[in-house]
Amino acid sequence: MVKGKIVDATTGAPIEAATIYAETLRDSSLISYTITNAQGIFALEGKTAYKKARLAFSSNGFKSQTKEVALESEMELGSIKMEEQAQQLEGVDLIGERVPITVKSDTLEFNADSFKTRPDATVEDVLKKLPGVEVASDGTITVNGKEVNKVLVNGQVFFSTDPKVATKTLSKDIISKIQITDTKTKEQEFIGEEGDGENKTINLTLKEDKNKGYMGRLSGGYGTDDRYQANGLVNYFNDTQRISVLGSSNNINNPGFSFDEIYEMVGDAGGGMNINRNGGFSIGNVSFGFGQGITTSSTLGGSYADQEKGKYRIDGNYFFSYSDSFNDEKIARENILPDGSFFTDTETSFVGNTNSNQGSANLEFDIDKTTRITVQPNLNINNTNSTNTENTVSTDEEGNLINSNNSLETSDGFRRNFSNRVELMKKLDTVGGYIRLYFNNNNAVSNSESFINSQSSIFGDDPSDQELDQETIIDNSNDRYEVGAAYRQSLGKDLYLDLRYGYENQEQNNERAVSNLDEGSGDYIYNAMLSSDFNFKVNKHVPEIRIGSNGKKFRFNVRARLEQISLDNQDFIQSTSFSNDYSKILLGSFFNYNKGSKRLSVRYNTGLNLPSVNQLQPVPNVSNPLNIIEGNPNLDPEVNHRVYLNFNNYNWKDRTGLFAYSGINFEQSKVVSVTTTDENFIRTTTYENVDGNYNGWMGANYSKQIKKDSIYSFKFTIGPSVNIGKQVGFTNGSRLEAKTFSFNPRVGLLFNYKEMLEIEPEYRLGINSTRYNLDNVEDIDFTTHNLAVKLTSYWPKNVVFGNDITYSYNGNLSDGFDKDAIFWNVSLGVQMFKKKATLKVLAYDLLNQNINTRRTTGQDFVQDFQGTALRRYFMGSLTIKFDSFGGKGAPNKGGGPRFIRF
């Protein structure tokens, strides 16, 4: 252990957040590092076999120092005096100096070369080495418990703000610095205010000799069951300018953005990037296809970025994508009634396809040092068509058949959505004062034509049959415009007063034409009783006042806003109309305390949610004859009250990180379903406002890192969490309540030995409980287990062997549903041509046990689900990497592109 104190040579004052690190004399490999506390004291610890080392002392604004020392078990250096740098030029790097970590006012900066990884590592690999940074198996990144929601390259968006696009595709050897800050709004960026700390942004700065040139990757593979994948990415860098092009095509549920060297041919285990039925997967703001089942997708896109400091910053992207999906589902549902239950078993088969064109841009122009204009347009055009068959059978508690329904629905749809945000911000002469004006618009058009044919039967004492053959044509337009202003007046050194105002106008026109088939003529006859043609208008005025402080250690604001809303609806076919006026005062506050590496924040927010048009419109929807839905025009808006507390801290001395969080959300006047079930178990659903719903959560995460030279590193994480909730609804005039409780501890380890072997086990336990307020309803308890092990070997040289094994168990599923499975992917790769090419074979779901099942509960139901999952296949592929940076072969040197170091 090396102890000492860093002080200012002139004043003798202690220097906080100075960096002290030890490196080898032979090749300057990092041994260990630490930073000073508020008193300037440091204690450098670490395990090493070296007898001598070079100690370096660095602090922002001071001249760096180094000294060679013989390492002893206990060393006391006393006070190290650092001289202030006469003039610190922004943007100048000292050649040869590799300070592993630099702590600035609101930025944590890591030197990428100080953290040893294998030569072909990606940015994601080096992030796993950084203290306080966690990278989950799905690529999600957290820093001291806060999720990273944006990764930039040289301060610019890389394709989209989705972090995985950059971290999985960029090589670590082109990165100079990794800077971590709190995510900021456009407003906070302009005025130089710190972010609120809810999310983190990572900025990757390129090395000077890598800032002119190009790099790319191409990959293609083919396997059993005609499984295939092909993708490519090319990036061109020229100082601040970047041009990127990507393309992909596959039928393994992979959006095509993952270039992980070992697992890039692995499709999504659950059958899509999200679990929303027919919803589709997405990367950032870019969505592709339908959600569940097995998806075949193709994507072609490009991205451009450029900037000149003090003048402009622009970036934009465009994507075309096509996908088709198929999915078979099985659902077993227990429907809870005040005097018993009945059961519905449903089987569905879905096929669908979509194609989309999507483009977006971010344009920032600095008119002068005090004025900035931002323009953010976004255009999205989608065409979809689908076919869905559904068979539902209902039985009572004795197993007697009650009713059944078989349906076939086909649908074609078109949607166009254009949005734009224009913002003008100007700093005023007063210290900290500014004014902001903004205009938002969102213009959407959606049209669809669907045909549904269903046969429903009612059994029992009074049996009957009903056939429905119906055409529905929907033409919908939704236009929303918003204007607003914000003014800040400084009240002192850190104190400020904000005055804000926003006005929003929204108008929705919806024509729903329903026609029933006339068996005699064979024509569809317009049904005015089921059709609607309404105009829905919302006007909103939102004045707001807030007082706050942006102190260095203590930040806060308290705010109040008045939301005045007028709502007007007129249906020209049903000759109905309704209007409502709402006026709510909503309060909020934010408190944040920083001291060194510790941060404590407390938030209170209130929000207002208007009921949807479908919940308000009093026109029956009989597309499902077993469940008829009708809106209620007398609904009030929901008011949410949310309290949130967060604490996080990283101890640089002990390499330990801790964050804890808790929160609760109370839902006042929540819009809930009110269901009436008749003697034939035909349901009629409408909506009412009710109090009593809430959900709460709390948890913690503790991590510790142990490292010995470049021999091994070990990091473990423990993270328990608890969730509680209460759901309220009404069935047959009775109030139904379901209280839920879940306890979810997690343990994760990451062990790396000489960059030749990496083992990453993780275990998650889920203990779930649901309690009902009805005596005749049985309470539910079930347990889930998830054990995953990821093992990657880089030995012998140029051979990469990967295993990804997951065991999952979902307790208390109904009979006929698979409860557990072992999901095992294996990959063997051989790296060739100086690791510029990788030839590999992969076995996906080697044991052929992949399943897509889950259980959900609500205040009046318990439901088990099982859907189509991607199953076992084998695939071979070839991946090629190429690059040319700086000097000879750079694009700006003429002679065309050249492949080097291949």
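Just so it is clear, the structure is predicted and the values come from calculations on it, not from any experiment.

**Q** Quick question: what am I supposed to make of the environment of Ala-444 here?
**A** With respect to the helices, strands and loops of the structure, Ala-444 is situated in strand E26 (residues 434-458). With a relative accessible area of 6%, Ala-444 lands in the buried category. On a C-alpha basis, the gap between Ala-444 and Leu-379 in space is 9.9 Å, while along the polypeptide they are 65 residues apart.

**Q** What is the right way to look at the confidence of the model for the chain in this model?
**A** Low pLDDT marks stretches whose predicted atomic positions should not be read closely. In the predicted model, the chain carries a mean pLDDT of 85, and the fraction of residues at 70 or more is 91%. This model gives residues 88-96 a pLDDT under 50, and the stretch forms 3 contacts once residues within four places in sequence are excluded. Predicted confidence is poor over residues 887-902, with pLDDT under 50, and the contacts of this stretch with residues over four places away or in other chains come to 30 contacts.

**Q** Even after reading the chapter, I still don't get the pattern of salt bridges, so can you show me in this structure?
**A** Charged atoms that come close allow side chains of opposite charge to pair. Scanning the model with the defined rule gives 35 salt bridges in all. The salt bridge involving Glu-189 is made with Arg-313; its shortest N-O contact spans 3.0 Å. Highlighted residues: Glu-189 in helix H3 (residues 186-191) and Arg-313 in strand E22 (residues 312-337), separated in sequence by 124 residues. On the accessibility criterion, Glu-189 (32% relative accessible area) is partly exposed. Of the charged contacts, one joins Arg-372 and Glu-364 as a salt bridge, the two residues approaching to 3.9 Å between their closest N and O atoms. For Arg-372, a relative accessible area of 15% translates into the label buried.

**Q** I keep staring at the side chain of Thr-107 and nothing clicks. Help me out?
**A** By the secondary structure assignment, Thr-107 is in strand E9 (residues 107-111). Not counting chain neighbours up to four residues away, the residues in contact with Thr-107 comprise Thr-102, Gln-179, Ile-180 and Thr-181.

**Q** Would you mind showing me how to read the side chain of Ser-171 here?
**A** Take Ser-171: it is sitting in the loop between helix H2 (163-167) and strand E14 (175-182). Within the local environment of Ser-171, its side chain forms a polar contact with the side chain of Arg-217, the two groups lying 3.3 Å apart. Those residues in contact with Ser-171 that lie beyond four places of it in its chain are Ala-121, Thr-122, Val-123, Met-215 and Arg-217.

**Q** I tried to follow the pairing of strand E37 (residues 670-677) on my own but got confused; where do I start?
**A** Sheet faces and side chains relate simply in a regular strand, where the side chains alternate between the two faces. Inspection of the sheet shows E37 paired to strand E38 (residues 683-690) by 8 bridges, in the antiparallel sense. Opposite Val-672, over in E38, you have Glu-688 as the bridge partner. The turn joining E37 and E38, which pair antiparallel and follow one another in sequence, is formed by 5 residues; a positive phi near 60° is taken by Phe-681. Here E37 pairs with strand E41 (residues 721-731) via 2 bridges, running parallel. Paired with Thr-675 across the bridge in E41 is Thr-731.

**Q** What exactly am I supposed to notice about the sheet that holds strand E1 (residues 2-8) here?
**A** Adjacent strands of a sheet form backbone hydrogen bonds with each other and so pair up, either parallel or antiparallel. Strand order in the open sheet made by the 3 strands is E4-E1-E7, with mixed pairing throughout. Since the sheet does not close on itself, it has two edges, and those belong to strand E4 (41-44) and strand E7 (75-82), each with one partner. On average, each strand axis in the sheet is tilted by 25° relative to the strand beside it, whichever way the strands run. By the bridge criterion, 4 bridges tie E1 to E4 in an arrangement that is antiparallel. When the sheet's bridge partners are listed, Lys-5 is paired in E4 with Ile-41.

**Q** Can you help me understand unusual backbone geometry in this one?
**A** Negative phi characterises most residues that are not glycine, and trans characterises most peptide bonds. Residue Pro-796 is bonded to the preceding Trp-795 through a cis peptide linkage, with omega at 0°. Here Lys-834, not a glycine, exhibits a phi torsion of approximately 55°, which is positive. Within the fold, Lys-834 resides in the loop between strand E47 (820-832) and strand E48 (837-844).

**Q** I tried to follow the sheet that holds strand E5 (residues 52-58) on my own but got confused; where do I start?
**A** On the basis of which strands lie adjacent, the open sheet formed by 4 strands has the order E3-E2-E5-E6 and antiparallel pairing. Here the strands that pair on one side only, and so sit at the sheet edges, are strand E3 (30-35) and strand E6 (65-70). Averaged over all neighbouring strand pairs, the angle between strand axes comes to 20°, with direction disregarded. Relative to E5, strand E2 (residues 19-23) runs antiparallel, the two sharing 5 bridges. Looking at the pairing, Thr-19 lines up with Ser-58 of E5.

**Q** How should I be thinking about the pairing of E26 in this particular structure?
**A** Of the pairings in the sheet, the one linking strand E25 (residues 401-427) to E26 comprises 25 bridges and is antiparallel in character. Considered in E26, the bridge of Phe-414 is made with Asn-447. The turn joining E25 and E26, which pair antiparallel and follow one another in sequence, is formed by 6 residues; a positive phi near 80° is taken by Gly-432. Sheet topology places E26 next to strand E27 (residues 464-490); 25 bridges connect them, and they run antiparallel.

**Q** Explanation requested: a positive patch on the surface in the structure shown.
**A** Together, Lys-493, Lys-552, Lys-553, Lys-595 and Lys-598 make up a positively charged patch on the protein surface. When you line up the elements, Lys-493 lands in the loop between E27 and strand E28 (495-517). Among the residues examined, Lys-493 registers a relative accessible area of 81% and is labelled exposed.

**Q** For this particular structure, what's the right way to read the packing of aromatic side chains?
**A** For any pair of aromatic rings, the description rests on two quantities: the centre-to-centre distance and the angle between the ring planes. With the rule as written, the count across this model stands at 16 aromatic pairs. With a centroid separation of 6.0 Å and 15° between ring planes, the pair formed by Phe-556 and Phe-591 is classed as stacked. Taken as a pair, Phe-556 in strand E31 (residues 554-571) and Phe-591 in strand E32 (residues 576-595) lie far apart in primary sequence, 35 residues in all. Looking at Phe-556, the relative accessible area reads 19%, which means it is buried. Considering the side-chain rings of Phe-666 and Tyr-694, the 6.3 Å spacing of their centres and the 50° angle between planes classify their relative orientation as tilted. Highlighted residues: Phe-666 in strand E36 (residues 656-668) and Tyr-694 in strand E39 (residues 693-708), separated in sequence by 28 residues. For Phe-666, a relative accessible area of 41% gives the class partly exposed. Classification of Tyr-694 as partly exposed rests on a relative accessible area of 23%. Cluster of aromatic residues (ring-pair linked, three or more members): Tyr-33, Phe-110 and Phe-115. Note that Arg-333 overlies the ring of Phe-861, its terminal NZ or CZ placed 4.1 Å from the centroid. The cationic tip of Arg-854 hangs over the ring face of Phe-865; the distance from NZ or CZ to the ring centre is 4.1 Å.

Reading the values: rules and limits
- Residues numbered from 1 in each chain as written.
- Predicted model: local features only at pLDDT ≥ 70, side-chain atom pairs only at ≥ 80, totals over all residues.
- Heavy atoms only, no water.
- Helix = DSSP H or I, 4+ residues; strand = E, 2+ residues; numbered from the N terminus.
- Buried < 20%, exposed > 50% of the residue type's maximum accessible area, 1.4 Å probe, protein only.
- pLDDT = per-residue confidence, 0-100.
- Contact = heavy atoms within 4.5 Å.
- Salt bridge = Lys/Arg side-chain N within 4 Å of Asp/Glu carboxyl O.
- Polar contact = N/O pair within 3.5 Å; in protein donor to acceptor, adjacent residues only side chain to side chain.
- Pairing = 2+ DSSP bridges.
- Axes fitted to C-alpha atoms, helices over the stretch in contact; angles between N-to-C directions.
- Patch = residues over 30% accessible without salt bridge, like charges linked within 9 Å, V, L, I, M, F, W, Y side chains within 5 Å.
- Areas by Shrake-Rupley, 256 points an atom, 1.4 Å probe, with all protein chains shown as cover.
- Lys, Arg positive; Asp, Glu negative; His and termini not counted.
- Charge placed at Lys NZ, Arg CZ, Asp CG, Glu CD.
- Phe/Tyr/Trp six-rings, centres within 6.5 Å; stacked < 30°, edge-to-face > 60°.
- Lys NZ or Arg CZ within 6 Å of the ring centre and 35° of its normal.

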